[in-house]
Structure formats: structure tokens, C-alpha cells
Amino acid sequence: VEGRIHEATFTRDGRIVTVGELDDALAELPTGEHVVSYQLEQRDDGVRLRATASGPVDRAGFAAALRARYGAPAEVELVAALEPAPSGKYPRVRQLMDRRGPAA
């Protein structure tokens, strides 16, 4: 099993997207090599990628790739630093969806 279930995200139709898949998809994008770290928040209404970068990042291209992968609205925000969880850790995924599953 690749990754842990609490680090998994879901497409609109319920397919699991692992952190490994997400890493690979982001790395393949033009300017993907500039992303140093990221957190993906998944909510009932879409996904939001918060990223730190060492150079220019094509935010519109990243958002389009996320929309295509998840089938949901996506936004990309470049930040100076990521926010830790209450535990002090920096999770790559923050699952903020209703526990019943992805929105239909």
C-alpha cells in the first residue's frame, strides 16, 4: 500500500489519489522542480494547494492539472512557509471533507 489512508485524497468520483501520485504529477509539470514543499487541502468544494517555491511556479498550470486530476475546483497559493498541524507536524495532505466521502 502506497502511503497511509489519512494522507489519501479523493477524486470527485471517489478514486483514491495517493501522496506519491500527487508528488509525481506535480514534479512532471513545467516549473514543478521549483516546488520545495506543499500541503494539499481537500474540502467538499474542491482542493487548494499551498506551496513554497525556490523559483517561479505556473500557478494556473498547476491549478488546471489539479482540476483535471480531481474533477473539482482547484486553487494554488504560493506561501513563504507552510502551517503546521496542531501536533507540530507538517502534513502534505489536510483532509477537510465531510467524513461521508467526496461531494457528488
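You'll find the structure just up there.
Residues numbered from 1 in each chain as written. Predicted model: local features only at pLDDT ≥ 70, side-chain atom pairs only at ≥ 80, totals over all residues. Heavy atoms only, no water.

Caption draft 1: Just the packing of helix 1 (residues 19-28) against helix 2 (residues 59-70), in detail. Running from amino to carboxyl end, helix 1 crosses helix 2 at an angle of 140°, the nearest separation of the two axes being 11 Å. Classified by the angle between their axes, helix 1 and helix 2 sit oblique to one another. Relative to helix 2, helix 1 is oriented so that their crossing is right-handed. Seen from helix 1, the contacting residues are Glu21, Leu22, Ala25 and Leu26; seen from helix 2, they are Phe62, Leu66, Arg69 and Tyr70. When the residues that make up the contact of helix 1 with helix 2 are grouped by side-chain class, the tally is six nonpolar, no polar and two charged. (Axes fitted to C-alpha atoms, helices over the stretch in contact; angles between N-to-C directions. Helix = DSSP H or I, 4+ residues; strand = E, 2+ residues; numbered from the N terminus. Parallel < 35°, antiparallel > 145°, perpendicular 65-115°, else oblique. Left-handed = near helix turned anticlockwise from the far one by under 90°. Contact = heavy atoms within 4.5 Å. Nonpolar A, V, L, I, M, F, W, Y, C, P; charged D, E, K, R; others polar.)

Caption draft 2: Here's a closer look at the sheet that holds strand 4 (residues 46-53). Taking strand neighbours across the sheet as the criterion, the four strands line up as 5-4-3-6 in an open arrangement whose pairing is mixed. Each edge of the open sheet is held by one strand with a lone partner, namely strand 5 (74-78) and strand 6 (93-95). The average angle at which neighbouring strand axes cross in this sheet is 15°, direction not considered. Pairing of strand 3 (residues 35-43) with strand 4 involves eight bridges; the strand directions are antiparallel. Across the sheet, residue serine 37 finds its bridge partner in strand 4, namely threonine 52. Running at roughly 125° to strand 3, helix 1 makes contact with strand 3, strand 4 and strand 6 of the sheet. The strands touched by helix 2 are strand 3, strand 4 and strand 5; relative to strand 5, the strand with the most contacts, the crossing angle is about 145°. (Pairing = 2+ DSSP bridges.)

Caption draft 3: Inspection of helix 2 at higher detail. Taking 1.5 Å as the rise per residue, helix 2 with twelve residues should run 16 Å; its terminal C-alpha atoms sit 16 Å apart, in good agreement. For helix 2, the full list of buried residues reads Phe62, Ala63, Leu66 and Tyr70. Seen end-on, helix 2 carries its buried residues on one side only, within an arc spanning 100°. Helix 2 presents Ala60 and Ala68 as exposed residues on the side facing more than 90 degrees away from its buried surface. (Expected span 1.5 Å × (residues − 1). Buried < 20%, exposed > 50% of the residue type's maximum accessible area, 1.4 Å probe, protein only. Arc of directions from axis to C-beta.)

Caption draft 4: View of empty space enclosed by the protein. Scanning the entire structure with this criterion turns up two cavities of 30 Å³ or more. Size it by volume and the second largest cavity reaches roughly 40 Å³. At the level of elements, helix 1 and helix 2 are the ones that each hand at least two residues to the lining of the second largest cavity. (1 Å grid on protein atoms, 1.4 Å probe; cavity = no way out; pocket = protein on both sides within 12 Å on 5 of 7 lines; lining within 4 Å. Points joined across faces, edges and corners; volume = space filled by probe spheres on them.)

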